[in-house]
Each structure stands twice: as C-alpha cells, then as structure tokens.
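# Structural features, examined
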Amino acid sequence: MTATAEQVQEFQQTGFIVLPGFLCATQVAEMLEQVQRFVTDVIPTLAPEEAFYEDKSDLATLKQIHRMCEHDSFFAKQMSGERFRPLAESLLQSDVVAKNMQYFNKPPSIGKSTPPHQDGYYFMLDPNEALTMWLALDHVDEENGCVRYIPGSHLRGMRSHGKSGTLGFSQGIQDYSSEDTQQEAAIHAEPGDLLVHHSMTIHRANGNQSNSRHRRAMGMVYYSAQAKVDSAQVERYQQSLVEELTADNKI
Ligand SMILES: O=C(O)CCC(=O)C(=O)O
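Reference entry: report on the structure contained in this document.

The buried count for strand β14 (residues 216-224) comes to eight of nine residues, which makes it a mostly enclosed element. With seven bridges joining them, strand β7 (residues 130-136) and β14 adopt antiparallel strand pairing. Residue Met133 lies in a different strand from β14, and its bridge partner there is Met220.

With that settled, the discussion passes to the nonpolar core. Judged by nonpolar contacts, the single largest core of 56 residues is most densely connected at Leu135, Leu195 and Val196. If we ignore the near neighbours within four places in the chain, the residues touching Val196 are Phe11, Phe16, Ile17, Leu91, Leu131 and Met133.

What surrounds the ligand is the set Phe104, Thr114, Asp119, Thr132, Trp134, Val147, His203, Ala205, Ala217 and Gly219. When residues of the shell around the ligand are traced back to their parent elements, those giving at least two are β7, β13 (203-205) and β14. In terms of residue class, the shell around the ligand is made up of five nonpolar, four polar and one charged.

Okay, helix α8 (residues 231-247) next. When the terminal C-alpha atoms of α8 are compared, their 24 Å separation across 17 residues agrees well with the 24 Å that a helix rising 1.5 Å per residue should span. Counting buried residues along α8, only zero of its 17 residues qualify, which leaves the element largely exposed. Looking at the residues trailing α8, positive phi occurs at Asn249, about 65 degrees.

Read across the sheet, seven strands follow the order β1-β12-β7-β14-β4-β3-β2 without closing on themselves; strand pairing throughout is antiparallel. Since the sheet does not close on itself, it has two edges, and those belong to β1 (16-19) and β2 (51-53), each with one partner. Neighbour-to-neighbour, the strand axes of the sheet open up by a mean angle of 15 degrees, direction not taken into account. For β2 and strand β3 (residues 62-65), the ladder comprises three bridges, and the chain directions are antiparallel. Across the sheet, the residue bridging to Phe52 is Gln64, located in β3. Contacting β1 and β12 (194-198), helix α1 (residues 5-14) runs over the sheet at an angle of about 140 degrees to β1.

About the criteria used
Residues numbered from 1 in each chain as written. Predicted model: local features only at pLDDT ≥ 70, side-chain atom pairs only at ≥ 80, totals over all residues. Buried ≥ 20, exposed ≤ 12 C-beta atoms within 10 Å, placed from the backbone. Helix = DSSP H or I, 4+ residues; strand = E, 2+ residues; numbered from the N terminus. Pairing = 2+ DSSP bridges. Core = buried A, V, L, I, M, F, W, Y, C linked by C-beta atoms within 7 Å. Contact = placed C-beta atoms within 7 Å. Near = placed C-beta within 6 Å. Nonpolar A, V, L, I, M, F, W, Y, C, P; charged D, E, K, R; others polar. Expected span 1.5 Å × (residues − 1). Axes fitted to C-alpha atoms, helices over the stretch in contact; angles between N-to-C directions.

On their own, these measurements won't tell you what the molecule is for.
Put into structure tokens, the structure is as follows:
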C-alpha cells in the first residue's frame, strides 16, 4: 500500500505515524513462523555479530537479529515486495533503497531499555532522509517496553550521541533530560500494527518489566535514493563495534 496525503503530511510534521492493523493475524503468524525458521536454520550459519543475546550462553534470550534480508529469501522478498516498499516510497516521496530488516525482542524481565537515539546517527547519510518501520508482533504497552517518540524532533537536527553501553544500540543521546521525557508519546501497539518513524526522530523504549510477555517486533529500514552513505565511516564504525563486543565477550 501507499500512504495517503494525510499520512504523508502527518509523517512530515510529526516524524512518525501509526498504522493500526497493517498486517492481519494470519500474516503476523506467518512472520513469527518465518522468524522461528530463521532462528533454527539460519542463525547457526551466521557470524556472531548477526544475532545478539541478552546472555549469549542462553539462546532463549535472543534480543536482535540483523540484516535478515541479506541472509534469507523470505525476508529479502518482504523488503523488496509490495507490502512495505511502496509505503516507504510514498512517505519519503522518493525512490528508496531497501537497507535492513531486523528482529527486535525484549525477553520477559531481562529485556533491556533502548537508549534515546536518532537512527540517522547510525545511518551516516547526507541528506539524512530515511525511515524505519517497526511492526509489532506482540501486544506492546508501557510494561513490556513500548516505543516512545518525541513528536517533531526530526525537524530539530541531530543531537549529540555517545556510547550507551547497550548491546544492539551502542549509541545514545547523552544529554537526554526530563524536558525530553515530558514530550514523549508512548505508543501502545497490537500485533500487526505498524509504526513508521523518520531517521531523525528521537525515540527510546523502557526495558521489559513483564515477567511473562515478550516484546517482539520487526524493523525495516529504507533510505531515500537521494541519501548518500558515508560507506567508509559506516565500515569503520561496524568494524570497531564488532571488535569491542568480541573483546567484551558480548557476541
Ligand atoms: O525496538 C526498540 O526498542 C527500538 C527499535 C528502534 O530503535 C528502531 O527500530 O529504530
């Protein structure tokens, strides 16, 4: 599907939109089955930096899978097919490059918080024109760590980021204040709801405080075709991150 004129306007003004019921229950069930297949069949063939665990000695604590579309045809088709890509094109009002498909979980009790950040800080683009789609696979609320956005923050430039110490979100906004927290919109979601945010929109999430509920989601990243990537800088960053996580015994 493509975005309506109202949705494009809301995305441009607010920096995010919420599309309830973007996938139906059957489509959510298929996505979950495919993630499970990927976990069983594909992760064992991948480098350690492609899957992160809260505790790497316990596979049940899986928290993130990266670049799924580069490793598997089902997820490659999700990114290039009619489901998500036309929506990205219409929201960015441009041709797009399908960049990354990820799985995010916050396992019950132990899922850590997502530090406040702007995705564009990691993307290293000029202009910083990109978006992330976040597809809920569970019921998501305050207790299990819903996404919180600062409306309009995408129009106020890049904040300074520094090391966060969080596996999977290594960079965070260092001077995030109570003034920022007060502006947050906490987004509750049902399985199949789709959140879409601009690469400059500030967002974060609390840890999962539920002792029984997972907080699973898919993340799909599209860059505007006009955005130039500083590939050398991205490569250097990725390399140093892998070295650091390996040295810290996190992957
Ligand atoms: O899943 C989360 O907690 C945050 C995901 C996120 O930061 C993103 O998709 O850009």
